Amino acid sequence: MTVTRSSPGGPSGALPEVVELDAHLRLEDLVDRNALGELCRSVYVLFGIPVRVYSAAGGLVAGEAPEHEVCAYVNTLASGRRACGSTVDAVKAKEPGEAGDVVHPCFTGQQYRVFPIDYEGRRIGRVILGPYAPPAIEEVPASLTATLPEADRPKVKLTLAKVPRAKPESITRIATHLLATLDLVMFSGHKALVTSTMHVASVKESYRELSEKNAKLQGAYDRLRELDRLKSNFLATVSHELKTPLTSIIGYSEMLAEGLTGELTAEQKEFVTTIHDKGHQLLELITGLLDLSKLESGTMTLRRRLTEIHPVLLDVESTVKPVAMKRGVKVAFDLEQRSCELLGDPERLRQVFINLVDNAMKFTPRGGTVTVESRVVEDALDNEEDSAGFALLAPMDRAVVVRVIDTGPGIPEAERAKVFDAFYQVDSSSTREHGGTGLGLSIVRRLVEGHGGSVSIEANSPKGAVFVVRLPSSNNPRAQRSSLPPPLPPPSTEP
Ligand SMILES: Nc1ncnc2c1ncn2[C@@H]1O[C@H](COP(=O)(O)OP(=O)(O)OP(=O)(O)O)[C@@H](O)[C@H]1O
Ligand SMILES: [Mg+2]
């Protein structure tokens, strides 16, 4: 008997992958062994005939085959065990021909029938039904007496009578039903297999595409890093080369302005003073560029030591006061006296606050106020990693919070993250009111983060900006963290 089904892809062959898959179809891949086991069990329960399903390679895939009483008795005799073993081996090896099933007799008078399992026109396994007894059997057959002369004939007769009798047509009908059900199981198994194989193929394809894109991105990233490194080198070299002649320009213009080479007319003095001031501006810009390139390339080292914020801020106050007076802006310093040691580079911290106060004064109109306020704060560290989950034993997040508050126009919320980018200015028009290159805040952020701290912007009420710098105290675990970038890799030697 042959049971076949047409391709699930249809005769048009809409799924070429299915055809490809068919070449490797195996019974054990198509069926769920538990479901097939259940099917065999139900056949045995209904008809009392043992069922076994084998793959094309001869492996048992599923079955329900309890021993009949007569077989159990025969197996108690040594020659019966041998004869039974060779019968079972012969049945297992029996290949049903192209036309359909074959019958294999047992020396006990019982029979086996072997049916092929075909799928998509290919043989992928066998079903063995039996042993069962043909209806004609009444007496103990001669083959059993010849094989086992020592057998207890009445016992054999009694147990043989208990074996279910089945006509060939009945066995054919049982097999037809079994194979039709099996065919459905295989069909749905095949569908699931095709779906999952196609899914795996599409995932593989997506993975391949992603890997390709990833490699391209990595290449672009490497090129950008290289360009970035070249830019930093260029900045560093140019800035350094500009600094030397500029120092001479500033020095000589200062000497001229002071009259060291003779008295100047008022107009000459004004010109020389302008040269001196502009030279200074240029020097500040170059110093900023040098700092940024050092920060970006990771070559800036912070000379961190135990230090107090107080003297740093007092130094800033004395530096900015004269400028504030000139600009008509009131500057007030409100410093908490409580001591809090930081692990900081005083010169770089001074640079941070000079930059912030300078911005505040620059953007605050005449008559406005700039306030610098410092406070020591103490919270339990919220970070699990730092507190190891013991809230009570957790180290304290001791820090100094310095706020630089002004009454200028403030910074719109959407711009607050961007102003820390190098060269970014809220007003970048050529007609803008205030000078500068947009480097100050990018240096501020990198320096503060290099101290394990953070800087953010809030709005002042009713108007103005508030820059909040938080610096961890020396015994705060955050103080040990520095986020200065790692040094850029050496130049690549590839052309
Ligand atoms: N206190 C402030 N009030 C309003 N806007 C500010 C304030 N501080 C900074 N900004 C805005 O952020 C931009 C970037 O500031 P940053 O200090 O980086 O550059 P800059 O002051 O323009 O130039 P530089 O500091 O290099 O001389 C400024 O151009 C300005 O638009
Ligand atoms: Mg600035």
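Scroll up a little and you will see the structure.
Residues numbered from 1 in each chain as written. Chains lettered and ligands numbered in written order. Predicted model: local features only at pLDDT ≥ 70, side-chain atom pairs only at ≥ 80, totals over all residues. Heavy atoms only, no water.

Enquirer: Give me the sheet that holds strand β1 (residues 51–55): which residues, what numbers.
Expert: Spatial strand order, β2-β1-β5-β4-β3: five strands in an open sheet with antiparallel pairing. In the strand order of this sheet, the two ends are held by β2 (60–64) and β3 (102–105), each with one partner. With strand direction ignored, the average angle separating the axes of adjacent strands in the sheet is 20 degrees. Strand direction decides the pairing type here: β3 and strand β4 (residues 111–119), joined by four bridges, are antiparallel. In the strand pairing of β4, Val-102 is matched with Val-114. Helix α5 (residues 78–93) contacts β1, β3, β4 and β5 (122–132) of the sheet and is inclined by roughly 150 degrees relative to β5. (Pairing = 2+ DSSP bridges. Helix = DSSP H or I, 4+ residues; strand = E, 2+ residues; numbered from the N terminus. Axes fitted to C-alpha atoms, helices over the stretch in contact; angles between N-to-C directions. Contact = heavy atoms within 4.5 Å.)

Enquirer: Tell me about the nonpolar core, residues and numbers included.
Expert: Grouped together as the largest cluster of nonpolar side chains are 46 residues, with contacts concentrated most on Phe-353, Leu-356 and Phe-467. Residue contributions to this core peak at seven residues, all from helix α11 (residues 346–363). With residues near it in sequence (within four places) discarded, Phe-467 still touches Leu-356, Val-402, Arg-403, Val-404, Ile-411, Phe-420, Leu-441, Val-455, Ser-456 and Ile-457. Core analysis: the next-biggest nonpolar cluster, separate from the first, contains 28 residues, Val-61, Ala-62, Val-127 and Ile-174 among them. (Core = buried A, V, L, I, M, F, W, Y, C linked by side-chain atoms within 4.5 Å. Buried < 20%, exposed > 50% of the residue type's maximum accessible area, 1.4 Å probe, protein only.)

Enquirer: How would you summarise the packing of helix α9 (residues 266–297) against helix α13 (residues 440–450) if you had to cite specific residues and measurements?
Expert: For any two helices packed against each other, the geometry comes down to the angle between their axes and how far apart the axes lie. In contact at an axis separation of 10 Å, α9 and α13 are set at 40 degrees when each is read in the N-to-C sense. It follows that α9 is oblique to α13 by the angle criterion. At the point where α9 passes α13, the crossing takes the left-handed sense. Only Ser-442, Ile-443, Arg-446 and Leu-447 of α13 make contact with α9, whose side of the interface consists of Gly-288, Asp-291, Leu-292, Leu-295 and Glu-296. Of the residues in the contact of α9 with α13, the class split is four nonpolar, two polar and three charged. (Parallel < 35°, antiparallel > 145°, perpendicular 65-115°, else oblique. Left-handed = near helix turned anticlockwise from the far one by under 90°. Nonpolar A, V, L, I, M, F, W, Y, C, P; charged D, E, K, R; others polar.)

Enquirer: How would you summarise the site of ligand 1 if you had to cite specific residues and measurements?
Expert: Residues in contact with ligand 1 amount to 18 residues; listed here are only the nearest, Asn-359, Lys-362, Asp-406, Gln-425 and Leu-441. Contact distances for ligand 1 include 2.8 Å between an oxygen atom and a side-chain N or O atom of Lys-362. Here an oxygen atom of ligand 1 and a backbone polar atom of Gly-440 are 3.2 Å apart. Protein chains shield 91% of the accessible area of ligand 1, which is 590 Å² for the free molecule. (Near = heavy atom within 4 Å. Polar contact = N/O pair within 3.5 Å; in protein donor to acceptor, adjacent residues only side chain to side chain. Areas by Shrake-Rupley, 256 points an atom, 1.4 Å probe, with all protein chains shown as cover.)

Enquirer: Account for the environment of Lys-418, naming residues and giving values.
Expert: Examined against the element boundaries, Lys-418 turns out to sit in the loop between β10 (396–406) and α13. When its relative accessible area of 37% is taken as the criterion, Lys-418 is described as partly exposed. For Lys-418 and Leu-441, which are 23 residues apart along the polypeptide, the C-alpha to C-alpha distance reads 9.9 Å.

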